[in-house]
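Structure at a glance
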Amino acid sequence: MKKIYFICNLHSGRASIGSHLAMMIDRFTAAGFEVTVHPTQERGDAIAQAKQVCDSGLYDILVCSGGDGTLNEVIQGYMLSENQCPIGYIPFGSTNDFAQGLGIPKDPEEAVDCIIHGEALPCDIGGFNDKYFTYVAAFGAFTEISYQTSQQFKNVLGHAAYILNGLSKLSRIRACRMRIEYDGGVIEDEFLYGMVTNSSSVARFLALSEVRWDDGLFEVTLIHKPSSLAQFQQLVAAFSKIQIGPAKPYLHYFRTSKLKVTNLDEEPVSWTIDGEYGGTERVNRIVNNQKAVQFWIDPVRRKQAEENPDGGLAVVMPPPEESMQPPEDQD
C-alpha cells in the first residue's frame, strides 16, 4: 500500500480546508493510499515537516494543501533534504498562481483525483540567496501586499483583498534604482517593479507566454520608471484595464538561468518570494535549480493549461532581443 503524508494549512482559502478534509482523506483511502495527516501549527512548521518526511524515506507522495505560502514552506523543507519524494498540491489559497499554471483544478475533489491518477513532472525551483521559491521572486510596487494583507482579510474577500490593499498604496509607489546582471548582459535603471518567475501567470493578472517548467530558465519582467507624470498615468491605466499594449514600451522581458540584482539606492528594497516576505538584502543572487522537484499532477490537465495560458489575462510575449525604451514625451 502506497503512503501519503498530508500537510494541510487549515487557515488558507477562507479557512475552508476543514470542511473538505474528511472527503480528501476518504478519496485517498478509497484509492488504496495510507494517509498520515499533519495540520500546520505555526509559521515554518511545514518546512520542518517536509524535511522530516523526505529524510525518512517512508512515504511515496508528500501532499500539500493550502496557499502559495504553504507550498513554499514545503518546498523549503523538500530542498533541504537529500532524500526527496514527489509532491502533490491541493490549492486552497486566494490566488494559487502556480497551481493554475500546472492545470491543478480549484475544486478540491478534482485536485485529489489529479494526485490519485497523476504522474511525476520535473519542475525547476528558484534559489533566492539561502531560500527557495516555487514560481516568483519580485521587488518594487505592490510586492509587500501579499504578506501585509491579513489572513482574515484574505479569508473574507479572497483575491479581491489583494486588489483593495494594492489600490490603497498607489500614492506611495516609488522607483527602485537597480543593477541587474544576467546571462545576456547588464541592465541598470530605475524600475517600478521587477519579477523573476517560473509560472504562466502572476497574481491572476499577468500571463506569460511560452513558459516551460523544466528548461532551466527564468522569465524576467521589468517595468521601467516613466519619465513623466503623464507617462505614469498611462502605465497605471494600461494595467488597471489589463491592456499590456500601451504598457509595452515600459517593459523589459528576457530569459536567464541566473541573475544578480543589486540595489543602488540607500533605502532598502523589499522582496517577496511566493507571496511571502523575502528580505531587504542589498545584493540578491537568484539561480535556477533545473528539474529540482517532482510534482505529481494530471498530465492531461497540464497540457490544457499550457495550451491556454492566458485565461483572459493580459499576456506578455517575448520581445525582440533589443531592449524596448520608454517613449519620448509628447507635446
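The structure we're discussing is the one just above.
Residues numbered from 1 in each chain as written. Predicted model: local features only at pLDDT ≥ 70, side-chain atom pairs only at ≥ 80, totals over all residues. Heavy atoms only, no water.

Side note on helix H5 (residues 108-116)
Of the positions making up H5, those classed as buried are Pro108, Ala111, Val112, Cys114, Ile115 and Ile116. For H5, the N-terminal capping position is held by Asp107, with its side-chain oxygen 3.1 Å away from the main-chain nitrogen of Glu109. (Buried < 20%, exposed > 50% of the residue type's maximum accessible area, 1.4 Å probe, protein only. Helix = DSSP H or I, 4+ residues; strand = E, 2+ residues; numbered from the N terminus. Polar contact = N/O pair within 3.5 Å; in protein donor to acceptor, adjacent residues only side chain to side chain.)

Concerning the environment of Ile17
The topology assignment puts Ile17 in helix H1 (residues 17-30). On a C-alpha basis, the gap between Ile17 and Gly66 in space is 7.7 Å, while along the polypeptide they are 49 residues apart. Once residues lying within four places of it in the same chain are set aside, the contact partners of Ile17 are Cys8, Asn9, Leu10, Ser12, Met24, Ser65, Gly66 and Phe92. (Contact = heavy atoms within 4.5 Å.)

Some details on the packing of aromatic side chains
Under the criterion given, the structure shown has 9 aromatic pairs. Between the aromatic rings of Phe139 and Trp271, the centroid separation amounts to 5.1 Å while the plane-to-plane angle is 55 degrees, which identifies the pairing as tilted. Of this pair, Phe139 sits in strand E7 (residues 136-140) while Trp271 sits in strand E15 (residues 271-273), placing them 132 residues apart in sequence. Here the two residues Phe139 and Trp271 agree in accessibility, since each one is buried. Through a chain of ring-to-ring contacts, the aromatic side chains of Phe6, Phe28 and Phe33 assemble into a single cluster. (Phe/Tyr/Trp six-rings, centres within 6.5 Å; stacked < 30°, edge-to-face > 60°.)

With respect to the pairing of strand E4 (residues 87-91)
The buried fraction of E4 is high, at 5 of 5 residues. Covered by surrounding structure in E4 are Ile87, Tyr89 and Pro91 together with Gly88 and Ile90, the residues of both alternating faces. In the sheet, strand E3 (residues 61-66) pairs with E4 via 5 bridges, with the strands oriented parallel. Paired with Val63 across the strands is Gly88, a residue of E4. A crossover links E3 with its parallel partner E4, the connecting element being helix H3 (residues 68-80), and its sense is right-handed. (Pairing = 2+ DSSP bridges. Right-handed = clockwise from strand over helix to strand, strands pointing away.)

Examining the pattern of salt bridges
All chains considered together, the criterion is met by 11 salt bridges. In this structure, Asp113 engages Arg27 in a salt bridge whose closest nitrogen and oxygen atoms are separated by 3.0 Å. Here Asp113 is found in helix H5, whereas its partner Arg27 is found in helix H1, with 86 residues between them in sequence. Under the relative-accessibility criterion, Asp113 is labelled partly exposed at 23%. The exposure class of Arg27 is partly exposed, given its relative accessible area of 27%. Connected through salt bridges with shared partners, the residues Arg27, Glu109 and Asp113 form a single ionic network. (Salt bridge = Lys/Arg side-chain N within 4 Å of Asp/Glu carboxyl O.)

Quick notes on the nonpolar core
Ranked by internal contacts, the top residues of the largest apolar core, which has 54 residues, are Phe28, Leu62, Ile87, Ile90, Leu102, Val293 and Phe295. Setting aside its immediate chain neighbours within four residues, Ile87 contacts Leu62, Leu71, Val74, Ile75, Tyr78, Val293, Gln294, Phe295 and Trp296. Among the nonpolar cores identified, the runner-up in size contains 20 residues, and Ile187, Phe191, Val220 and Leu222 belong to it. (Core = buried A, V, L, I, M, F, W, Y, C linked by side-chain atoms within 4.5 Å.)

What about the packing of H1 against H5?
Following both chains from N to C, one finds H1 and H5 inclined at 25 degrees, their axes separated by 10 Å at the closest point. Between H1 and H5, the interaxial angle falls into the category roughly parallel. As for how H1 packs across H5, the hand of that crossing is right-handed. Touching His20, Met23, Met24, Arg27 and Phe28 of H1 are Pro108, Glu109, Val112, Asp113, Ile115 and Ile116, all from H5. (Axes fitted to C-alpha atoms, helices over the stretch in contact; angles between N-to-C directions. Parallel < 35°, antiparallel > 145°, perpendicular 65-115°, else oblique. Left-handed = near helix turned anticlockwise from the far one by under 90°.)

A look at the pairing of strand E14 (residues 258-263)
Inspection of the sheet shows strand E8 (residues 176-182) paired to E14 by 5 bridges, in the antiparallel sense. Within E14, the position partnered with Arg179 by the bridge is Thr262. As paired elements, E14 and strand E17 (residues 283-297) share 5 bridges and run antiparallel to each other. Paired with Thr262 across the strands is Val283, a residue of E17.

Structural notes on helix H2 (residues 45-56)
End to end, H2 covers 17 Å across 12 residues, agreeing with the expected 16 Å (1.5 Å per residue, within 8%). Among the residues making up H2, those that are buried are Asp45, Ala46, Gln49, Ala50, Val53 and Cys54. Relative to the axis of H2, the buried residues are bounded by an arc of 150 degrees and lie together on one face. Taken together, the buried residues of H2 touch strand E1 (2-8), strand E2 (33-39), E3 and H3. Downstream of H2 by one or two residues, Gly57 has phi in the positive range, about 70 degrees. (Expected span 1.5 Å × (residues − 1). Arc of directions from axis to C-beta.)

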